[in-house]
Structure formats: structure tokens, C-alpha cells
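Structural description and commentary
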Amino acid sequence: MESPAVLGEAERQQRLSEWSASSGVNLARLDSDQRAVVVAALTFLGFVGGLAVLRRMVAYLLAHCGMGLSSTVIGAVVGTTARAVRKGRQSPPREFWRRLRTARRGHAPPKLRPEHVGLVAKFLSEHRRCSVAELLGFIHKSFGVTLERHTLRRFLERYGMGCLREETVVGTPLFSAARPMGAPSH
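Residues numbered from 1 in each chain as written. Predicted model: local features only at pLDDT ≥ 70, side-chain atom pairs only at ≥ 80, totals over all residues. Heavy atoms only, no water.

So, the overall build of the protein chain
The cut-off we apply is this: The way it works is that DSSP assigns letters per residue, a run of H or I at least four long becomes a helix, a run of E at least two long becomes a strand, and they are numbered from the N terminus. Contacts are assigned to residue pairs with any non-hydrogen atoms lying within 4.5 Å of each other. Computed with the Shrake-Rupley method and a 1.4 Å probe, the accessible areas treat only the protein chains shown as cover for residues.
Along the backbone of the protein chain there are nine helices and two strands. Mapped from its N terminus to its C terminus, the protein chain presents α and β elements in the order α-α-α-α-α-α-α-α-α-β-β. Sequence separation of 24 or more characterises 51% of the internal contacts of the protein chain that already satisfy a separation of 6 or more. Of the roughly 12,500 Å² that the protein chain leaves accessible, carbon and sulfur atoms contribute 56%.

Structure (C-alpha cells):
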């Protein structure tokens, strides 16, 4: 892939006005230096295409380049929300770099994994009428995981270990019908 050709003044103005029309950004609010930076960013992003890592890097650079670009303008340039830009703007460089290197796609990995089922089932069979708070305490102590009540509910239902009723866990593994397990989502 070749680097973009040098743009003339007319081409830069044309690209900038097309971008302004499609994004809804008012060009009158930008001074000439800000417009030049926006054109450079748009040209670069057009060259790299859909590489999300580079888009995030450009957003971070634009947020900290000292040009006074608003979060709305930066978001329109890189194709994200102003809120995401504001959140990224608050990150120190070291934290931003760590997040950039360890970026993950999709949902976060589950806090409780299939290998935890046996210990949770054993606890439930030994403590037939335990409270939800007791079960959450056991999970936190055993696995170092802090769960919300609804996450615990889904975990118990998924592996057929009963259900949550008010403040107690009803239907321990010995008494509840096992539910068929589907393939875990990735």
C-alpha cells in the first residue's frame, strides 16, 4: 500500500468540507492550524483504514497535541464518541499504552469459570440453605472474585445448581435438575 500523495490546498479544503458535511462539525469553530491537523489526521486514518489500534493512538495524540481540539471534533475524526475521547484524555501515557497493548475484543472473560463449578457445588451440598451473602462470601474467599447477585444467578442456573430466592439459595445440586449445557460463548 502506498502512502497518500501530497495534497494541494484545494484538495485539502475539499476533503475537509466533505468531512464536515458528513460529521456535522462546524468548520468555523476551527482555526487554520486546527484544520490542518484535522486534515492530516483524516488523511492518515484514510491510509491505515480500520486498524483500531492506530485509530485509538491518533485520538490520544489529537487529545494531547496542544491544539485545543474538542472531544467532539476528535471523536468525529476517528469515528468514536466524545465520551470515549474524554475518557482516553484522562489516562496518563503509561496507562494508555498498557491498555493499548492489552486491548481485548468482545466481552470480558467470565469471573467464574467451569473449573469453579465443583467447589461451588460442594459448598452448596454442605450448606443446603445458605444465604446468598454466605455463598458470595465463599466465592470471594475461595476464588478472589467479587460477584453481583445477577451474575451469581446466571452461574447457578447455567450449571443447574439451583436458584436464588429472596435471600437464600434454593435447590442444591443434589435436588435440582441439571440443565443442558450449551457451548460457552467466546
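Focus on the packing of aromatic side chains
Using the following cut-off: Only rings of Phe, Tyr and Trp enter the pairing, Trp through its six-membered ring, and a pair is recorded when the two centres are within 6.5 Å. The plane angle decides the type: under 30 degrees is stacked, over 60 is edge-to-face, the rest tilted. The rule is simple: take the accessible area with a 1.4 Å probe, protein chains only, and divide by the maximum for that residue type; under 20% is buried, over 50% is exposed, in between is partly exposed.
Under the criterion given, the structure shown has four aromatic pairs. A centroid spacing of 6.3 Å and a plane angle of 75° characterise the contact between F138 and F143, whose relative ring orientation is edge-to-face. Here F138 matches F143 in class, with each residue buried. One aromatic cluster is present, formed by F123, F138 and F143 through successive ring pairs.

Considering the packing of helix 8 (residues 132-143) against helix 9 (residues 149-158)
Here is the rule: Only the stretch in contact is used when fitting a helix axis, every axis being a line fitted to C-alpha atoms; angles between N-to-C directions are given from 0 to 180 degrees. For classification, angles of less than 35 degrees are called roughly parallel, those exceeding 145 degrees roughly antiparallel, those between 65 and 115 degrees roughly perpendicular, and all remaining angles oblique. When residues are grouped by polarity, Ala, Val, Leu, Ile, Met, Phe, Trp, Tyr, Cys and Pro land in nonpolar, Asp, Glu, Lys and Arg in charged, and all others, Gly among them, in polar.
In contact at an axis separation of 11 Å, helix 8 and helix 9 are set at 85° when each is read in the N-to-C sense. When the axes of helix 8 and helix 9 are compared, the pair comes out roughly perpendicular. The segment helix 8 lies against helix 9, with V132, L135, L136 and I139 engaging R149, L152 and L156. Looking at the contact of helix 8 with helix 9, its residues break down into six nonpolar, no polar and one charged.

A few points about the pattern of salt bridges
As a reminder of what qualifies: The term salt bridge refers to a pairing of a side-chain nitrogen on Lys or Arg with a carboxyl oxygen on Asp or Glu at a separation within 4 Å.
For the coordinates displayed, the defined rule picks out four salt bridges. R12 is the partner of E9 in a salt bridge, and the nearest nitrogen-oxygen pair spans 2.9 Å. Residue E9 and its partner R12 are located together in helix 1 (residues 9-23), separated by three residues, close to a single helical turn. With a closest N to O distance of 2.6 Å, R98 and E95 form a salt bridge. Within this pair, R98 and its partner E95 are both found in helix 6 (residues 93-101), separated by three residues, close to a single helical turn. Assessed through its relative accessible area of 39%, R98 is described here as partly exposed.

Points about the side chain of H116
Along the chain, the position of H116 falls in the loop between helix 6 and helix 7 (117-126). Here H116 falls in the buried class, since its relative accessible area comes to 9%. Non-local contacts of H116, meaning those with residues more than four positions away in its chain, are made with K111, F143 and F155.

Observations concerning the nonpolar core
We apply this condition: By nonpolar core we mean a set of buried residues, namely Ala, Val, Leu, Ile, Met, Phe, Trp, Tyr and Cys, connected to one another through side-chain atoms within 4.5 Å.
By size, the foremost hydrophobic cluster in this structure holds 21 residues, and its most contacted members are V120, L135, I139, L156 and M161. When residues of this core are traced back to their parent elements, those giving at least two are helix 7, helix 8 and helix 9. Apart from the residues within four sequence positions on either side, I139 is in contact with L112, V120, G144, V145, L147 and L152. Grouped together as the second largest cluster of nonpolar side chains are 20 residues, V25, L27, L30 and L62 included.

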